[in-house]
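Report on the structure
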Amino acid sequence: MSTLLALDASSSACSCALWRDGEVLSRFALTPREHTRRLMPMIDDLLAEAGLRPADLDALAYGHGPGSFTGLRIAAGVAQGLAFGLERPLLGVSTLEALALAAHHQLHVRYVVSALDARMGEIYVAAYHCRDGELATLSDEAVMPPERFELPAGRRDVDWCGVGSGWALWEAMPVWVQDAMAQRLAERQPSAEWMVRLAARAHARGEGRAAHEVTPVYLRNEVAWKRA
């Protein structure tokens, strides 16, 4: 049994979630450009509701991307600071995996394409096969123009669910990709509620690392470097 805190600021949403022996408490709010101001009070409020102190945590996690460069740095800074100060392991969680897991649990879909708007006419995207609460990656995370996205080989004849802000660029995707989508949920944002579940599994496998070793995943590294 373990107690984990996960947080996310990778999109216009700000969220945190607490895993305690399989039970999840969470906070979620759409807070564009207010992540720095809102994240720590949200975490404090969540711990207070659970009757926990930071020292009661066994590990921490955060949405390591892909996503907003600024949001990823905010989340990384808070998560690394807490993990370092508490001397606890830290885990990075994929925003795209979290989107897929949420769609699987909430909509009972099996084939999911998670896509986030990467700006500059591109999307962050990956495809998953979901079964019994587990995810299998069918295409690696990538950044690309939406017109270049291809479904995994041999999987065009199944019903796919598209989830995430990248599906706002639906009309730019190839016709055969559009035809394969049984539903699209462009309004869905990554959430720590689902990241904490993925983090708890990873922590149980012993995948937590020292705070300074866990860094954001930008995918578009050259742009992140130029802006840093």
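Reading the values: rules and limits
- Residues numbered from 1 in each chain as written.
- Predicted model: local features only at pLDDT ≥ 70, side-chain atom pairs only at ≥ 80, totals over all residues.
- Heavy atoms only, no water.
- Helix = DSSP H or I, 4+ residues; strand = E, 2+ residues; numbered from the N terminus.
- Rg over C-alpha atoms; globule rule 2.2 N^0.38 Å.
- Buried < 20%, exposed > 50% of the residue type's maximum accessible area, 1.4 Å probe, protein only.
- Contact = heavy atoms within 4.5 Å.
- Lys, Arg positive; Asp, Glu negative; His and termini not counted.
- Charge placed at Lys NZ, Arg CZ, Asp CG, Glu CD.
- Pairing = 2+ DSSP bridges.
- Axes fitted to C-alpha atoms, helices over the stretch in contact; angles between N-to-C directions.
- Parallel < 35°, antiparallel > 145°, perpendicular 65-115°, else oblique.
- Nonpolar A, V, L, I, M, F, W, Y, C, P; charged D, E, K, R; others polar.
- 1 Å grid on protein atoms, 1.4 Å probe; cavity = no way out; pocket = protein on both sides within 12 Å on 5 of 7 lines; lining within 4 Å.
- Points joined across faces, edges and corners; volume = space filled by probe spheres on them.
- pLDDT = per-residue confidence, 0-100.

**Side note on the overall build of the chain**
Helix and strand counts for the chain stand at six helices and ten strands. A compact globule built from 228 residues would reach a C-alpha radius of gyration of about 17 Å, and the chain, at 17 Å, matches this within 12%. Overall, the C-alpha framework of the chain stretches about 50 × 40 × 30 Å when taken along its three principal axes. Among the 228 residues that make up the chain, the fraction classed as buried is 51%. Of the contacts made within the chain by residues no fewer than 6 positions apart, 64% connect residues no fewer than 24 positions apart. If the 23 positive side-chain charges of the chain are averaged to one point and the 28 negative ones to another, these points end up 3 Å apart.

**Considering the sheet that holds strand 1 (residues 3-8)**
Spatially, the five strands line up as an open sheet ordered 3-2-1-4-5, and their pairing is mixed. Strands with a single pairing partner mark the edges of an open sheet, and in this sheet they are strand 3 (23-30) and strand 5 (90-94). Between one strand axis and the next, the sheet turns by 20 degrees as a mean value, whatever way the strands run. Strand direction decides the pairing type here: strand 2 (residues 13-20) and strand 3, joined by eight bridges, are antiparallel. The residue bridging Ala13 from the neighbouring strand is Leu30, located in strand 3. Across the sheet, helix 1 (residues 35-50) is in contact with strand 1, strand 2 and strand 3; its angle to strand 2 comes to roughly 25 degrees. Here helix 5 (residues 192-204) sits on the sheet and contacts strand 1, strand 2, strand 3, strand 4 (59-65) and strand 5; the angle it forms with strand 1, its principal contact strand, is near 135 degrees.

**Quick look at the packing of helix 3 (residues 95-107) against helix 5**
Between helix 3 and helix 5, the shortest axis-to-axis distance is 8 Å and the interhelical angle comes to 105 degrees. In terms of their interaxial angle, helix 3 and helix 5 are classed as roughly perpendicular. Taking contact as the criterion, the partners of Thr95, Glu97, Ala98, Leu101, Ala102, His105 and Gln106 in helix 3 are, on helix 5, Trp194, Met195, Arg197, Leu198 and Arg201. Each residue belonging to the contact of helix 3 with helix 5 can be placed in one class, and the counts come to six nonpolar, three polar and three charged.

**Remarks on the layout of surface pockets**
By volume, the largest pocket amounts to about 580 Å³. Lining the largest pocket are 25 residues; nearest its centre among them are Ser10, Ser11, Ser12, Ser68 and Arg119. Considered class by class, the residues forming the lining of the largest pocket number eight nonpolar, eleven polar and six charged. Considered as a void within the structure, the second largest pocket measures approximately 390 Å³ in volume. If you go around the second largest pocket, you meet 20 residues; those closest to its centre are Gly92, Glu97, Ala202, Arg205 and Glu207. Secondary structure elements with two or more residues in the lining of the second largest pocket: strand 5, strand 8 (134-144) and helix 5. Broken down by element, the lining of the second largest pocket gets its largest block of residues, five residues, from strand 5. The residue inventory of the lining of the second largest pocket, partitioned by class, reads eight nonpolar, five polar and seven charged.

**Brief notes about the confidence of the model for the chain**
Predicted confidence across the chain gives a mean pLDDT of 94, with 96% of residues reaching 70 or more. Scored below 50 in pLDDT, residues 222-228 makes five contacts in the model with residues more than four places away or belonging to other chains.

**Remarks on the sheet that holds strand 10 (residues 181-185)**
One open sheet holds the five strands; their spatial order is 8-7-6-9-10, and the pairing between them is mixed. Where the open sheet ends on each side, the last strands, each with one partner, are strand 8 and strand 10. Recorded for the sheet is a direction-independent mean angle of 20 degrees between the axes of neighbouring strands.

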